[in-house]
Amino acid sequence: MNTTSSNIPKTKRTWSSYFTRRRIAVAACLLIATGYLLMAGPGSTEQSFCADIFSPRRIVLAPLLCLSGYLLIIVAILRRS
């Protein structure tokens, strides 16, 4: 029986790489949740106008956190072991 190197898997997944990817994914989910929490707040109605909806926290910081979280999820998925 001829044994060749094709029978041996080229890369072995280790537990440490699995947990590293999982930690990256959890951190990304926390970033996304933080971004959505920063976007939340009172809104304007027809009777009263709330100028807080145009604050830099809501229109700059929160979307950047969400975007970075989504990009980090992609990194966690595509990361090689």
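Residues numbered from 1 in each chain as written. Predicted model: local features only at pLDDT ≥ 70, side-chain atom pairs only at ≥ 80, totals over all residues. Heavy atoms only, no water.

Caption draft 1: Fine view of the overall build of the chain. A count of helices and strands for the chain gives two helices and zero strands. When each of the 81 residues of the chain is scored for burial, the buried share is 15%. With an accessible surface of roughly 6800 Å², the chain has 66% of that area assigned to carbon and sulfur atoms. (Helix = DSSP H or I, 4+ residues; strand = E, 2+ residues; numbered from the N terminus. Buried < 20%, exposed > 50% of the residue type's maximum accessible area, 1.4 Å probe, protein only. Areas by Shrake-Rupley, 256 points an atom, 1.4 Å probe, with all protein chains shown as cover.)

Caption draft 2: Representation of the pattern of salt bridges in the model. Summed over all chains, the structure comprises one salt bridge. A salt bridge links Asp52 to Arg57, with the shortest nitrogen-to-oxygen separation between them at 3.9 Å. Taking relative accessible area as the criterion, Arg57 reaches 33% and is therefore assigned partly exposed. (Salt bridge = Lys/Arg side-chain N within 4 Å of Asp/Glu carboxyl O.)

Caption draft 3: Fine view of the side chain of Arg58. Relative to the assigned elements, Arg58 resides in helix α2 (residues 56-78). We note that Arg58 is buried and unpaired, the nearest opposite charge coming from Asp52 at a distance of 4.2 Å. A polar contact is formed between the side chain of Arg58 and the backbone oxygen of Ala40, at a distance of 3.4 Å. There is a polar contact of 3.5 Å between the side chain of Arg58 and the backbone oxygen of Gly41. Sequence-distant contacts of Arg58, defined by excluding residues within four places in its chain, comprise Leu38, Met39, Ala40, Gly41, Pro42, Asp52, Ile53 and Pro63. (Lys, Arg positive; Asp, Glu negative; His and termini not counted. Polar contact = N/O pair within 3.5 Å; in protein donor to acceptor, adjacent residues only side chain to side chain. Contact = heavy atoms within 4.5 Å.)

Caption draft 4: Quick look at the packing of helix α1 (residues 15-39) against α2. At a minimum axis separation of 8 Å, α1 and α2 run at an interaxial angle of 160°. Comparing the axis directions of α1 and α2 gives the class roughly antiparallel. Crossing angle aside, the handedness with which α1 passes α2 is left-handed. Looking at side-chain class alone, the contact of α1 with α2 contains 18 nonpolar, four polar and three charged residues. (Axes fitted to C-alpha atoms, helices over the stretch in contact; angles between N-to-C directions. Parallel < 35°, antiparallel > 145°, perpendicular 65-115°, else oblique. Left-handed = near helix turned anticlockwise from the far one by under 90°. Nonpolar A, V, L, I, M, F, W, Y, C, P; charged D, E, K, R; others polar.)

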